[in-house]
Amino acid sequence: MASSWLDLLGAGLGGGLIVKALDYLYQEYRLRSEARKSATDLIDRHIDPILKSADELVGKLRSLAQSDFRAIIKAPVPEDSEFEKWLPYLDIIYLFAQFWSRIQILRIEGTFVNFSTDGRGKQLLDFFRALEGTRTRIVSRAWQRGIGEALLERTNNGYRNINYIEFVQRFLSQNGYRRWFNPLISVLSRIKHTREKQRLLTYGVIINALIDTLDPGHLVTRDRPGWPNKLTNKSRKNLKYRLFKIYLPFVKNQSRYYMVSKNGSENTTGKK
């Protein structure tokens, strides 16, 4: 009799533990599924604006690269707020700020979402880490976020980027507002130096790779060739052995971003 009671008790305890374990596994699966759906919804909302702002910035950087940044080199940073004097700088400043503001919106709205559970979200995080690395970033992460937020306005539905005209009006009329962009302006003012030029060109290469990776069919972006012929050997090695190998190993056809063709022109291998 005692043995029968012990058998029943053991079976009951074992069954209870199995039920508890199954319930725990189900709850864990449900939480992960909900987190994955939240991440997917978040990326779905923000991927196109990020890609479009990245595309505009890459287009501008490629244009400047082809001209060896002559437009900026010939125009010293103005000491007053005259529109014509600032004109060579305003476009590139706005496009950097717009790209950073899109990143900042994603971070703000994704504070409680693990968007690395979405494949695209994980790749975006890896690209952000590559762009914000100590040896790659254009300005410090704190300044980057500040510059990005300088373009943001709160709306009933979240945030919006102020347009170019609004930006120019504030930039030229408000000294306190313009001060937020000083670190970026400082980099642009030294563009004739090889180090600063290569930083911008390398940064642009990573954004170009971001576009090709997350919009491979170029449904919302343009398919732009790179500018490896404008990179120094040091920059090419940095891209090949550090940025792509360590941060972005999943990027396809990596060599097209840093390898110069035999005739010294842009390498368009793998591009349509």
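Residues numbered from 1 in each chain as written. Predicted model: local features only at pLDDT ≥ 70, side-chain atom pairs only at ≥ 80, totals over all residues. Heavy atoms only, no water.

Turning our eyes to something else, we now look at the packing of aromatic side chains. All told, the structure shown has 15 aromatic pairs when counted by the stated rule. Between the aromatic rings of Phe-167 and Phe-171, the centroid separation amounts to 5.5 Å while the plane-to-plane angle is 45 degrees, which identifies the pairing as tilted. Here Phe-171 and Phe-167 lie together in helix α6 (residues 164–173), a separation of four residues that amounts to about one turn. Overall, the relative accessible area of 0% leaves Phe-171 in the buried class. (Phe/Tyr/Trp six-rings, centres within 6.5 Å; stacked < 30°, edge-to-face > 60°. Helix = DSSP H or I, 4+ residues; strand = E, 2+ residues; numbered from the N terminus. Buried < 20%, exposed > 50% of the residue type's maximum accessible area, 1.4 Å probe, protein only.)

Position of Gln-98 relative to the elements: it lies in helix α3 (residues 83–109). On the accessibility criterion, Gln-98 (10% relative accessible area) is buried. Sequence-distant contacts of Gln-98, that is, excluding residues within four places in its chain, are made with Ser-53, Glu-56, Leu-151 and Asn-161. (Contact = heavy atoms within 4.5 Å.)

For the protein, the mean per-residue pLDDT works out to 88, and 82% of the residues sit at or above 70. Predicted confidence for residues 21–35 stays below pLDDT 50, and this span has one contact to residues more than four positions away or in other chains. (pLDDT = per-residue confidence, 0-100.)

Looking now at the nonpolar core. Counting residues in hydrophobic clusters, the biggest one holds 71 residues, and the most contacted among them are Ile-93, Phe-96, Phe-99, Trp-100, Phe-167, Phe-171 and Phe-181. Those elements that place two or more of their residues in this core are α1 (2–66), α3, α4 (119–131), α6, α8 (182–189), α9 (194–214) and α10 (233–247). Here this core gets 13 residues from one element, more than from any other, and that element is α3. Beyond its immediate chain neighbours, meaning those up to four positions away, Phe-171 contacts Trp-86, Leu-90, Ile-93, Tyr-177, Arg-178, Phe-181 and Ile-185. (Core = buried A, V, L, I, M, F, W, Y, C linked by side-chain atoms within 4.5 Å.)

With 13 residues, α4 should cover 18 Å at 1.5 Å per step; its first-to-last C-alpha distance of 19 Å lies within 8% of that length. Of the residues making up α4, those classed as buried are Gly-121, Leu-124, Leu-125, Asp-126, Phe-127, Phe-128, Ala-130 and Leu-131. For α4, the N-terminal capping position is held by Asp-118, with its side-chain oxygen 2.9 Å away from the main-chain nitrogen of Arg-120. (Expected span 1.5 Å × (residues − 1). Polar contact = N/O pair within 3.5 Å; in protein donor to acceptor, adjacent residues only side chain to side chain.)

All right, on to the pairing of strand β1 (residues 152–155) then. As defined by bridge partners, β1 adjoins strand β2 (residues 158–161) across four bridges and the pair is classed as antiparallel. Bridge pairing links Thr-155 to Gly-158 in β2. Adjacent in sequence and paired antiparallel, β1 and β2 are bridged by two residues. (Pairing = 2+ DSSP bridges.)

Here we take up the packing of α3 against helix α5 (residues 141–149). At their nearest, the axes of α3 and α5 sit 7 Å apart, and the two run at 95 degrees to each other. Classified by the angle between their axes, α3 and α5 sit roughly perpendicular to one another. When α3 is examined against α5, the residues Ala-97, Trp-100, Ser-101, Ile-103, Gln-104 and Arg-107 are found in contact with a partner set consisting of Gln-144, Arg-145, Ile-147, Gly-148 and Glu-149. Classifying every residue of the contact of α3 with α5 gives four nonpolar, four polar and three charged. (Axes fitted to C-alpha atoms, helices over the stretch in contact; angles between N-to-C directions. Parallel < 35°, antiparallel > 145°, perpendicular 65-115°, else oblique. Nonpolar A, V, L, I, M, F, W, Y, C, P; charged D, E, K, R; others polar.)

Before going further, it helps to spend a moment on unusual backbone geometry. Of note in this structure, Asp-68 is not a glycine but carries a positive phi near 55 degrees. Inspection of the secondary structure puts Asp-68 in the loop between α1 and α2 (70–73). Even without being a glycine, Phe-69 presents a positive backbone phi close to 60 degrees. Position of Phe-69 relative to the elements: it lies in the loop between α1 and α2. Looking at Phe-69, the relative accessible area reads 1%, which means it is buried.

Turning to the environment of Phe-181, a few remarks are in order. Structurally, the position occupied by Phe-181 is in the loop between α7 (175–179) and α8. Expressed as a C-alpha distance, the spacing of Phe-181 and Ile-93, which sit 88 residues apart in the sequence, is 7.7 Å. Every residue in contact with Phe-181, bar those within four places of it in the chain, is listed here: Ile-93, Ala-97, Ile-147, Ala-150, Leu-151, Phe-167 and Phe-171.

Moving on to the packing of α4 against α9. Look at α4 against α9: their axes get within 10 Å of each other, and the N-to-C directions meet at 175 degrees. Classified by the angle between their axes, α4 and α9 sit roughly antiparallel to one another. From α4, Arg-120, Gln-123, Leu-124, Phe-127, Ala-130 and Leu-131 reach across to α9, where they touch Tyr-203, Ile-206, Ile-207, Ala-209, Leu-210, Thr-213 and Leu-214. Grouping the amino acids of the contact of α4 with α9 by side-chain chemistry returns ten nonpolar, two polar and one charged.

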